[in-house]
Amino acid sequence: MSKEHNVAAAAGQFQIRSEFLSAKPYGNGHINDTYCAVFQQVGAPVRYILQRINQNVFKNPVVLMENIERVTSHLAAQVAGEPDSGRRVLRLIPALDGRFWHLDAEASYWRAYHFIEKARTYDAVESTDQAFQAARAFGSFQKLLADLPAPRLHDTIPDFHNTPKRFTALEQVIAEDAAGRAILARTEIEFALAHKSITGALLDANLPERVTHNDTKLNNVMLDDATGEAVCVIDLDTVMPGLALYDFGDMVRTTTSPAMEDEQDLSKVTMQFPMFEALVRGYLASAGGFLTPAEKKFLAFSGKLITFEIGIRFLTDYLAGDKYFKVHREGHNLDRCRTQFKLVESIEQQEEKMNRLVESLEQ
Ligand code: ADP
Ligand code: GN1
Ligand code: MG
């Protein structure tokens, strides 16, 4: 049975009252299988997003969907009545049985979303305005979720941003060298080991727990085609309790370098200061009111730490034999690791200046 056929079958299980036309793989996510499905609706084709949840990564899709349902309903209530509210929050489509997921015959979990039209995601930043827009949107996302009613959200991936634990996992795969690749990554292993001392800094700083997105890649926010404004924060699988700086750090990681995450020409990878400034301005515009002085102090550092953390995750997966992230070529995870470490170096070179900028902006 082809995947395409599975998508058609899964599509039929959601409350979309029209004829299924086609589906094709969509987007550049590393985790889930995302499809754009087209249905014939009163004479015109209408698009939907269908996703098969990666159960190697998300062990409990039912509680994950409970989180997403709570988060999207809360956000929808917050923006109700505002212009364009229908596009500003992801909208789940219920399955025929009324639940927000469908379990197929192969034990795969599926969900469906309304397609956000006239907007798109970017894999690499193109302008400071995009950086500002993305940061303001992720800051506003945190702000709108600050009063999410109890209970605490489920941890969909425990210790997701626990950098010391990520580091221990790396040490283990280095010791095992299951895929015999350690010899090919000697420089990167050395770089990682030399940075062990930074791993615990955020956890040791006693920062407040908040509801955070935890995967604030630039391509997880949709920007309007006409105005360039951020329309909607997407990819909500990792929304759970976390530190605000996990989100800001991942913005620095994905929105300051002009290069793609898997760029092989490392001379293109650099932390562009104007992009960082736009991120800080955008983030403070929406989150400045609730961030504590201690959180603000670590804004620049969080960029270095989260970039390092994702770098060691790519390295760990490379050494383990590509078990976690989707890869599309030989050495893909190692290439990704190299861009992250190059960016860490670039941040290190500019860290003092970055800190000075943050201090000047929070006055
Ligand atoms: P992954 O977890 O694999 O990264 P995402 O949820 O980020 O999956 O989706 C992958 C891509 O699909 C996104 O980068 C975006 O381009 C597109 N996408 C996701 N949801 C929607 C939506 N509701 N409307 C339009 N495009 C979407
Ligand atoms: C994955 O799902 P996606 O592609 O947006 C990963 C993130 C990494 C990112 C690196 C659940 O994000 O943690 O930072 O790849 N998501 C998960 O590009 O592990
Ligand atoms: Mg994504």
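Structure: above.
Since the structure is predicted, the reported quantities are computational estimates derived from the model, not experimental observations.

Things to note about the coordination of the magnesium ion (ligand 3)
Binding of the magnesium ion (ligand 3) to the protein goes through Asn220 (OD1) and Asp235 (OD), at separations of 2.2 Å. Of this pair, Asn220 sits in the loop between strand 7 (210-212) and strand 8 (221-224) while Asp235 sits in the loop between strand 9 (230-233) and strand 10 (240-242), placing them 15 residues apart in sequence. Looking at Asn220, the relative accessible area reads 5%, which means it is buried. Judged by its relative accessible area of 27%, Asp235 is partly exposed.

Here we look at the sheet that holds strand 6 (residues 119-120)
One open sheet holds the three strands; their spatial order is 6-8-9, and the pairing between them is antiparallel. Two strands lie at the open edges of the sheet, namely strand 6 and strand 9, each paired on one side alone. Here strand 8 pairs with strand 9 via three bridges, running antiparallel. Looking across to strand 9, one finds that Leu223 is bridged to Ala230.

Regarding the site of ligand 1
Taken together, the neighbourhood of ligand 1 is formed by 20 residues, with Gln51, Ile116, Thr121, Asn220 and Asp235 sitting nearest. A distance of 2.9 Å separates an oxygen atom of ligand 1 from a polar atom in the side chain of Gln51. For ligand 1, whose unbound accessible area comes to 550 Å², protein coverage reaches 95%. Every element with two or more residues in the shell around ligand 1 is listed here: strand 3 (44-52) and strand 5 (109-114). Along the lines of polarity and charge, the residues of the shell around ligand 1 split into nine nonpolar, ten polar and one charged.

A look at the packing of aromatic side chains
Counted under the stated rule, the structure contains 13 aromatic pairs. Ring geometry for Phe298 and Phe301: centres 5.8 Å apart, planes at 70°, overall edge-to-face. The two residues Phe298 and Phe301 agree in class, both being buried. A connected cluster of aromatic rings, assembled from ring pairs, spans Phe248, Phe273, Phe276 and Tyr283. Here the basic side chain of Arg120 rests over the ring of Tyr122, its NZ or CZ set 4.0 Å away from the ring centre. The lysine or arginine in question, Lys353, covers the ring of Phe273, its NZ or CZ lying 4.2 Å from the ring centre.

Conventions and cut-offs
- What you see as residue numbers is a count from 1 along each chain, following the sequence as written.
- Ligands are numbered from 1 and chains lettered from A, in the order in which they are written.
- It should be noted that, the model being predicted, local features are given only for residues of pLDDT at least 70 and side-chain atom pairs only at 80 or more, the latter also being counted only at that level, while totals for whole chains, interfaces and linings use all residues.
- Excluded from the side-chain calculations are hydrogens and water; all other atoms, namely the structure's heavy atoms, are used.
- As a rule, N, O and S atoms within 2.8 Å of a metal are its donors, except that Na, K and Ca use 3.2 Å; water is not among the atoms, so sites may look incomplete.
- Secondary structure is summarised from DSSP: a helix means a run of H or I of at least four residues, a strand means a run of E of at least two, and numbering begins at the N terminus for each.
- Each residue gets one of three labels from its accessible area relative to the maximum for its type: buried under 20%, exposed over 50%, partly exposed in between, using a 1.4 Å probe on protein chains only.
- Two strands are said to pair when DSSP picks up at least two bridges between them.
- If even one non-hydrogen atom of a residue comes within 4 Å of a molecule or strand, that residue is called near it.
- Within 3.5 Å is the distance limit for a polar contact, defined as a pair of N or O atoms, with the added protein rule that one can donate a hydrogen and the other accept it, and that residues adjacent in sequence qualify only through two side-chain atoms.
- Throughout, the Shrake-Rupley method with a 1.4 Å probe supplies accessible areas, and for residues the shown protein chains are the sole cover considered.
- Under the scheme applied here, ten amino acids are nonpolar (Ala, Val, Leu, Ile, Met, Phe, Trp, Tyr, Cys and Pro), four are charged (Asp, Glu, Lys and Arg), and all others, including Gly, are polar.
- In summary, the pairing rule links any two rings of Phe, Tyr or Trp, Trp by its six-membered ring, whose centres are within 6.5 Å, and it sorts them by plane angle into stacked for under 30 degrees, edge-to-face for over 60 and tilted for everything else.
- Our definition puts a charge over a ring when NZ of Lys or CZ of Arg is within 6 Å of the ring centre and also within 35 degrees of the ring normal.

That's the geometry; what it means functionally is another story.
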